[in-house]
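The primary structure of each chain is shown beneath.
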Amino acid sequence: MTDKQTNQQPDLRRNPPYEEEEINLIDLLRVIWKWKWLIIGGALVCAVIAAVISFQMPKIYEVSTIIEPAIATVQDNGNILYFDSVAAISGKIRGGIYNQKIKKALGLNLPKVGIDFKPAIVQGTNTIKVVSEWKEGETDLGVKVTQQLNSLLADEYAKSVELKQEFYDTQITVKQTEIDTITTEEQNIEAQIALMLGEIGKKRSEIKQRQESRENVRQRSEELVKEIERVKKNMEQMIQQRDSLLKDKSPEHNISLILYSTMIQQNMVHFDQLSNHVYDLRVKDKQIEDEIAALNKEIEVIKADIKKLTLKKPEIQDSIESLETSIKVLNLHKGLIRNIAVLASPEVSAHPVRPKKKEIITLVGFVSLLAFVFLAFFIEYLGTYRKNNTAG
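On a predicted model such as this, the values are computed, not experimentally measured, just so you know.

Draft legend 1. The sheet that holds strand β4 (residues 118–121), seen in detail. Strand order across the open sheet formed by four strands is β4-β5-β1-β6, with antiparallel pairing between neighbours. Edge positions in the sheet fall to β4 and β6 (341–348), since each has one partner strand and no second. Within the sheet, the average angular offset between the axes of one strand and its neighbour, ignoring direction, is 20°. Two elements, β4 and strand β5 (residues 128–135), share four bridges in a ladder whose sense is antiparallel. Counted as the bridge partner of I121 is I128 from β5. Helix-sheet contacts for helix α4 (residues 86–95) involve β1 (60–68), β4 and β5, and the interaxial angle to β4 is about 170°.

Draft legend 2. Highlighting a nonpolar patch on the surface. A cluster of nonpolar residues, F374, L375, F378, Y381 and Y385, forms a patch on the protein surface that exposes about 570 Å² of accessible area. Looking at where L375 falls in the secondary structure, it is placed in helix α8 (residues 357–391). We classify L375 as partly exposed; its relative accessible area is 34%.

Draft legend 3. Quick look at the side chain of T127. As for its position among the elements, T127 is in the loop between β4 and β5. Residue classification places T127 among the buried residues on the basis of a relative accessible area of 9%. Polar side-chain contacts of T127 include one of 2.7 Å to the side chain of T125. Excluding residues within four positions of it along the chain, T127 makes contact with I66, I67, E68, V86, A120, I121, V122 and L343.

Reading the values: rules and limits
Residues numbered from 1 in each chain as written. Predicted model: local features only at pLDDT ≥ 70, side-chain atom pairs only at ≥ 80, totals over all residues. Heavy atoms only, no water. Pairing = 2+ DSSP bridges. Helix = DSSP H or I, 4+ residues; strand = E, 2+ residues; numbered from the N terminus. Axes fitted to C-alpha atoms, helices over the stretch in contact; angles between N-to-C directions. Contact = heavy atoms within 4.5 Å. Patch = residues over 30% accessible without salt bridge, like charges linked within 9 Å, V, L, I, M, F, W, Y side chains within 5 Å. Areas by Shrake-Rupley, 256 points an atom, 1.4 Å probe, with all protein chains shown as cover. Salt bridge = Lys/Arg side-chain N within 4 Å of Asp/Glu carboxyl O. Buried < 20%, exposed > 50% of the residue type's maximum accessible area, 1.4 Å probe, protein only. Polar contact = N/O pair within 3.5 Å; in protein donor to acceptor, adjacent residues only side chain to side chain.

Everything listed here is a matter of coordinates, which is why it stays silent on function.
Structure below.
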């Protein structure tokens, strides 16, 4: 045999034939088939025992509630601030700091009744789901215990909520007092404007009276001027007649001359009186004109004061509106403050959460099946071992 032929032959030590693997697998299946009734029977017996035990175990129901922490305030950007975080509240519930208070409040037998709350933060929310497990027949007690927990939580934050609301009430009262003060100021301005308008009305009445008086003075002055012209004309005629009589130098005209001279003298006196009266009337007219001008000036001054007061009214109204807006915001924030919110009242699960009979039976059956398979191989191994020792 050449070297080439030798190299082409398979190395049976390195590559055992497939027949050996097939024989081993068949041996395994043969062992399982040999002990099939032991494996199946043992697994069934264990499953039955597990079923009997699980059916005898007490049913456990779940009592759950969902709560949200007490709200302290809401920021302008819409973020909600709480008095306490969900993590802190969950920690206190899990730590059992409320358990003794619950038992005392409900008058429960401390050693016999065990309370075990399991709080969990609901994912994606700021709420807590509190769960506790109770045996069948004790679920009503579980509901009462959970309700008492919610009540204790509400009592714990009630004072903080009250103080926060009082803070907002104080702020609202301060703003309302400012509004009342500004409103009083506005009313005073309205009253001042009303008085000034009344004063303007009075002065306009006085101006009207003086204008009527001035008109009377002017009419009287015109009448007197006409009278003066008439007296002057009569006096000129009498002077002409007197001068004519003086030219005649007749003694029989002496009496007429005396009469004319007397009448001329009287007319001159009357003329002077009329002239003085006209002068007095013109002085009075000027005085009335000055008084009317002074009254008009006073009216303009009052109007300027009214304009100043009127300009204050929009500022006052803006201040009132701003304060009213602040009060609305404060009332809104106050309305958002609240105690612990129970989003889901305590309720009992529709079906028991334990024991999970199907899972128990399936798990026991599977484990026992594996165990009896292992036992079958172990028994087979012992038989083979004894046989080999006997043959040796």
